[in-house]
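Spelled out from the first residue to the last, the chains are:
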Number of protein chains: 2
Amino acid sequence: MARWEPGARERLEQAALELFGEQGFADTTVPQIAARAGLTTRTFFRHFADKREVLFAGEDDVPQLVAGYLAQAPADETPMQLIARGLPVMATRLFDGRRDQLQNRHRVVAQDDGLRERDLHKRAALSDQIRAAFQARGVDPLTSTLTAELAVTVMHTSLTRWLARNDDRALADIVTDTLTALRTLASDV
Amino acid sequence: MARWEPGARERLEQAALELFGEQGFADTTVPQIAARAGLTTRTFFRHFADKREVLFAGEDDVPQLVAGYLAQAPADETPMQLIARGLPVMATRLFDGRRDQLQNRHRVVAQDDGLRERDLHKRAALSDQIRAAFQARGVDPLTSTLTAELAVTVMHTSLTRWLARNDDRALADIVTDTLTALRTLASDV
């Protein structure tokens, strides 16, 4: 057997999501996922630490993307300008063209307490990483914390709205709408 | 033995926080907590479902407080006005005068992965409840979601800042500062 199967990772992801949807996350085993993908269990473990990681591995490069974006941004851009420019770019790069897959993932995560807590944990960790990246730019701690929380909230809210739709509106446009709603809300005192 | 011990709940909370701090959350048992408080294990279980609940029980009435506040608020107040008026009131009512205890709790939760995830879970549930309360006032779903997330973010950020301080500044004042920072940030595009 070849040590490297072309497209193995994607086939495993696809097989896992199918099986989680059909028979539930808890009742699905790694050998079943590997068999559905036409691969071996060993190949599965070359790509993922466990079946849970199939659902979360896609987010692993987000902190690096964010850090790279902030490192090359003009020094005089304000935190909110950075978010307004960066979030639609991230949306397109990370999620566009993957809505069906993300909808399936969303349904699986929503049905399992442990997966929901893992999701919240990943979101909190991402917020921490964004906060640190803003502080590294010289932004004060309070503004860095709030900016990071706003960025994660806007992206998460937009993703949820996008996944609930059935038309072909781009996620980036929904992100822009959410940012506008946030600005209107926050300035209204 | 009397079925009802006066101040039992507070004594159990105090004993639990002391023991969690001294020997760690994982290594502390319910019988140890009861013994330190001079009470029986049965009395413990009349007040808390398990040792974890000692750390989270204080938040159980928050959703009810929020719902009550929103139900009696003037119909023409905007979501952000409601937050700006309500959060300092909640801060005083829920947390003032309890900083030492909350600092101990904060340290315990920070050291245990399971407790941190439970904390995130409670925060997400609270945000959901606030969102529902705003929708019940007739606020649109997107604004309700963002308002709820902002409220929880502002309170959590303010609490974290307050617990890190060593002076006697009131939490309500820190909440007001955080709200000002948020408004400045969100309007700066």
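Residues numbered from 1 in each chain as written. Chains lettered and ligands numbered in written order. Predicted model: local features only at pLDDT ≥ 70, side-chain atom pairs only at ≥ 80, totals over all residues. Heavy atoms only, no water.

Engineer: In this structure, what is going on with helix α10 (residues 171–187) of chain A? I would like to understand it.
Structural biologist: Three or four residues apart is the spacing at which side chains of an α-helix point the same way, because the helix has 3.6 residues per turn. Taking 1.5 Å of rise per residue, 17 residues should cover 24 Å, and α10(A) covers 24 Å from first to last C-alpha, within 8% of that figure. Looking only at α10(A), the buried set comprises Leu171(A), Ala172(A), Ile174(A), Val175(A), Thr178(A), Leu179(A), Ala181(A), Leu182(A), Leu185(A) and Ala186(A). Looking at the buried side of α10(A), the elements it contacts are α6 (79–95) and α9 (141–163) of chain A together with α6 (79–95), α9 (141–163) and α10 (171–187) of chain B. (Helix = DSSP H or I, 4+ residues; strand = E, 2+ residues; numbered from the N terminus. Expected span 1.5 Å × (residues − 1). Buried < 20%, exposed > 50% of the residue type's maximum accessible area, 1.4 Å probe, protein only. Contact = heavy atoms within 4.5 Å.)

Engineer: Explain the interface of chain A and chain B here, please?
Structural biologist: One frequent convention defines the size of an interface as the accessible area lost when the parts assemble. Each partner contributes residues to the interface: chain A has 27 residues there, and chain B has 27 residues. Of the roughly 2800 Å² buried between chain A and chain B on both sides combined, carbon and sulfur atoms contribute 76%. Where chain A packs against chain B, one counts zero residue pairs in polar contact (both at pLDDT 80 or more). Residue composition of the side of chain A that touches chain B, grouped by class: twelve nonpolar, nine polar and six charged. (Buried area = accessible area lost by both parts, 1.4 Å probe. Polar contact = N/O pair within 3.5 Å; in protein donor to acceptor, adjacent residues only side chain to side chain. Nonpolar A, V, L, I, M, F, W, Y, C, P; charged D, E, K, R; others polar.)

Engineer: What exactly am I supposed to notice about the pattern of salt bridges here?
Structural biologist: Pairs can form between side chains of opposite charge once their charged atoms are near each other. As enumerated under the stated definition, the model contains 18 salt bridges over all chains in all. Arg36(B) serves as the salt-bridge partner of Glu18(B), at 2.8 Å between the closest nitrogen and oxygen. One end of the pair, Glu18(B), is in helix α1 (residues 8–23); the other, Arg36(B), is in helix α2 (residues 30–36), with 18 residues separating them in the sequence. Taking relative accessible area as the criterion, Glu18(B) reaches 29% and is therefore assigned partly exposed. Judged by relative accessible area, which is 39%, Arg36(B) ranks as partly exposed. Between Arg36(B) and Glu22(B) there is a salt bridge, with the nearest N and O atoms lying 2.8 Å from each other. Of the two residues, Arg36(B) is situated in helix α2 and Glu22(B) in helix α1; the sequence distance between them amounts to 14 residues. Under the relative-accessibility criterion, Glu22(B) is labelled exposed at 53%. In the salt-bridge network here, residues are joined through shared partners; they are Glu18(A), Glu22(A) and Arg36(A). (Salt bridge = Lys/Arg side-chain N within 4 Å of Asp/Glu carboxyl O.)

Engineer: What is the right way to look at the domain arrangement of chain A in this model?
Structural biologist: Residue and element names in this part refer to chain A. Along its sequence, chain A is organised into domain 1 (8–54) and domain 2 (61–187). On a C-alpha basis, the centres of domain 1 and domain 2 stand 27 Å from each other. Every contact between the two is made by seven residues of domain 1 and, on the other side, seven residues of domain 2. Together, the buried faces of domain 1 and domain 2 total about 670 Å²; carbon and sulfur atoms form 64% of this surface. Counting across the interface, domain 1 meets domain 2 through one salt bridge. Measuring nitrogen to oxygen at the nearest pair gives 2.6 Å for the salt bridge that ties Arg-118 to Glu-53. On the surface where domain 1 and domain 2 come into contact, there are two residue pairs in polar contact (both at pLDDT 80 or more). Counting residues per element, the side of domain 1 that touches domain 2 draws most heavily on helix α1 (residues 8–23), at four residues. Of the residues that constitute the side of domain 1 that touches domain 2, the class distribution is three nonpolar, one polar and three charged. (Domains from an automatic or database assignment.)

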